[in-house]
Amino acid sequence: MAPAVPDTEPPMTRPTVAEADREIGIRHTVLGHGFVALVDYMGNDAAIVQAARVSYGRGTKSVRDDRALVRYLLRHRHTTPFEMVELKFLVRLPIFVARQWIRHRSASVNEYSARYSVVPDEYEVPPPDEVRHQSQRNRQGRGEPLEAAVVERFRSDLERVSREAYTAYSAALEAGVARETARLVLPVAYYTQWYWKTDLWNLFHFLSLRLDPHAQEEIRLFAAEVARLGRLVAPVAFEAFDDFVLSGLSLGRAEQLALRSLLAGATPEAACRDAGLPLTRPDGRPMATGEGVEFLEKLARLRGEPPSGDRE
Ligand SMILES: Cc1cc2nc3c(=O)[nH]c(=O)nc-3n(C[C@H](O)[C@H](O)[C@H](O)COP(=O)(O)OP(=O)(O)OC[C@H]3O[C@@H](n4cnc5c(N)ncnc54)[C@H](O)[C@@H]3O)c2cc1C
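Keep in mind that this is a model prediction, so the values were computed, not measured. (Residues numbered from 1 in each chain as written. Predicted model: local features only at pLDDT ≥ 70, side-chain atom pairs only at ≥ 80, totals over all residues. Heavy atoms only, no water.)

**Student:** Hey, could you go over the site of the ligand for me, with residue numbers and the actual values?
**Tutor:** All residues in the neighbourhood of the ligand are listed as Arg103, His104, Arg105, Ser106, Gln140, His205, Leu209, Arg210, His214 and Ala215. The side chain of Ser106 places a nitrogen or oxygen atom 2.7 Å from an oxygen atom of the ligand. Here an oxygen atom of the ligand and a side-chain polar atom of His205 are 2.6 Å apart. A total of 930 Å² of accessible area belongs to the ligand in isolation, and the protein chains cover 49% of it. Grouping the constituent residues of the shell around the ligand by class yields two nonpolar, five polar and three charged. (Near = heavy atom within 4 Å. Polar contact = N/O pair within 3.5 Å; in protein donor to acceptor, adjacent residues only side chain to side chain. Areas by Shrake-Rupley, 256 points an atom, 1.4 Å probe, with all protein chains shown as cover. Nonpolar A, V, L, I, M, F, W, Y, C, P; charged D, E, K, R; others polar.)

In structure tokens:
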């Protein structure tokens, strides 16, 4: 059954969501030493509706109307009502994940200071099945499994280098080197921690990029936990986000032309050719990436086929 938008009018009270309140402060483990905790939130689905009705007027009002309004706002990218919902998280994450995460400029962040405090001896060692070959299709991603010996060599090197780094860090602190300087020896597998606060619209943007199969597996795991907690706060908005953004499919001009050819009976290859979507290189070799390949992937999605095997 579709989730109902909680009613807050009248009288106007601070909206709360019991399911979210139960989660406040609970640390949910992600990776070896990381976690995500919901610290606080402001607003819920009703806050989105309330904000939108300032513009649109109350009109007829029912649970179905409210849900339809939230879905309309999301589909048509009426962004500001979603900004009325704020979420604050405490996150412990490896520095290499933090470097990706911090690129999202639309959040407020306060990070653990390694100038002020000693960095704990915690670093990330990926499980064996996450140490894989360089992807053949995606220069940024990982792909096929590796031989066990290579995996074990990498993991033991990572353990050794991390331990050596922390020994050097501890020795430097002991010898009186300032914490802000001593930390330079620590690798990006070490953990940091921050408060991260953003509004629901920017959270959706973050999730659309970081839940995507092209994002690195480690940040995707954090994003999934953030999404799970955010969903408790605003289930109707998240349902719309699932339906129209995560499961949505955009078609560019050439892709629409190709789809038109397909509907008229052309093969996918002919449709791509007619629409100018390249599938082969000038030397005749098939392309692994590009607009034509992405269009075929969209067709596969429409047919309900599983995504290609590469872990990107
Ligand atoms: C799979 C993947 C691979 C990536 N690879 C790389 C890489 O190789 N190298 C690299 O450097 N980065 C990389 N990035 C980071 C990427 O380029 C973005 O910096 C990051 O995803 C943040 O996106 P954003 O700017 O849309 O989000 P936010 O910073 O949260 O901004 C949200 C939105 O606000 C608007 N906005 C915010 N600030 C500005 C501004 N100053 N000017 C104009 N509009 C603004 C934009 O509309 C933006 O989309 C990668 C990201 C992903 C998801």
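Resuming the write-up.
**Student:** Please give an account of the sheet that holds strand β1 (residues 28-30) that cites residues and values.
**Tutor:** In space, the five strands of this open sheet follow the order β1-β2-β3-β7-β4, with antiparallel pairing throughout. Each edge of the open sheet is held by one strand with a lone partner, namely β1 and β4 (108-111). Strand-to-strand twist across the sheet, computed as the mean angle between neighbouring axes with direction ignored, equals 25 degrees. Looking at chain direction, β1 and strand β2 (residues 34-42) are connected through three bridges and run antiparallel. Across the sheet, residue Thr29 finds its bridge partner in β2, namely Phe35. Relative to the sheet, helix α8 (residues 200-210) contacts β3 (86-94) and β7 (191-199), its axis offset from that of β7 by approximately 130 degrees. (Pairing = 2+ DSSP bridges. Helix = DSSP H or I, 4+ residues; strand = E, 2+ residues; numbered from the N terminus. Axes fitted to C-alpha atoms, helices over the stretch in contact; angles between N-to-C directions. Contact = heavy atoms within 4.5 Å.)

**Student:** Mind laying out the packing of aromatic side chains, listing which residues take part and the relevant values?
**Tutor:** A full pass over the atoms with the stated rule returns 14 aromatic pairs. Centroid distance Phe82 to Trp201: 5.5 Å. Interplanar angle 50 degrees. Geometry classified as tilted. In this pair, Phe82 is assigned in helix α4 (residues 80-83) and Trp201 in helix α8, connecting sequence segments 119 residues apart. Of the two residues, Phe82 and Trp201, neither departs from the other in class, the shared state being buried. With centroids separated by 6.3 Å and ring planes inclined at 35 degrees, the aromatic side chains of Phe89 and Trp196 adopt a geometry described as tilted. Of this pair, Phe89 sits in strand β3 while Trp196 sits in strand β7, placing them 107 residues apart in sequence. Accessibility classification places Phe89 together with Trp196 in one group, the buried group. A cation sits over an aromatic face here: Lys88 above Tyr195, 5.9 Å from the ring centre. (Phe/Tyr/Trp six-rings, centres within 6.5 Å; stacked < 30°, edge-to-face > 60°. Buried < 20%, exposed > 50% of the residue type's maximum accessible area, 1.4 Å probe, protein only. Lys NZ or Arg CZ within 6 Å of the ring centre and 35° of its normal.)

**Student:** Quick rundown of helix α12 (residues 268-275)? Include the residues and the values.
**Tutor:** It helps to recall that an α-helix has 3.6 residues per turn; residues three or four apart then point in one direction. Taken residue by residue, α12 has Ala270, Ala271, Cys272 and Ala275 as its buried positions. Looking at the packing, one finds that the buried side of α12 touches α11 (253-263) and α13 (291-302). Gly276 sits one or two positions beyond α12 and adopts a positive phi of about 75 degrees.

**Student:** So what's going on with the pattern of salt bridges? Residues and values would help.
**Tutor:** The full count for this structure, using the stated rule, is 23 salt bridges. Across the salt bridge formed by Glu159 and Arg163, the nearest N and O atoms sit 3.6 Å from each other. Here the residue Glu159 and the residue Arg163 both occupy positions in helix α6 (residues 148-174), the gap between them amounting to four residues, near one helical turn. Taking relative accessible area as the criterion, Glu159 reaches 27% and is therefore assigned partly exposed. The partly exposed category is assigned to Arg163, whose relative accessible area is 47%. (Salt bridge = Lys/Arg side-chain N within 4 Å of Asp/Glu carboxyl O.)

**Student:** I'd like to hear about α11, residue by residue, with values.
**Tutor:** If you check which residues of α11 are buried, you get Ala254, Glu255, Ala258 and Ser261. All buried residues of α11 project into a common sector of 115 degrees when viewed along the axis, lining one side. Turned more than 90 degrees from where α11 packs its buried face, Arg253, Arg260 and Leu263 sit exposed. On its buried face, α11 is in contact with α12 and α13. Gly265 occupies a position one or two residues after α11 and carries a positive phi of about 110 degrees. (Arc of directions from axis to C-beta.)

**Student:** Could you give an account of the pairing of β3, naming the residues involved and the relevant values?
**Tutor:** Burial analysis of β3 places eight of its nine residues in the buried class, the great majority of the element. In terms of strand pairing, β2 meets β3 through seven bridges, oriented antiparallel. If you follow Asp40 over to β3, its bridge partner there is Lys88.

Note that every value here comes from positions in space, so none of it alone points to a role or purpose.
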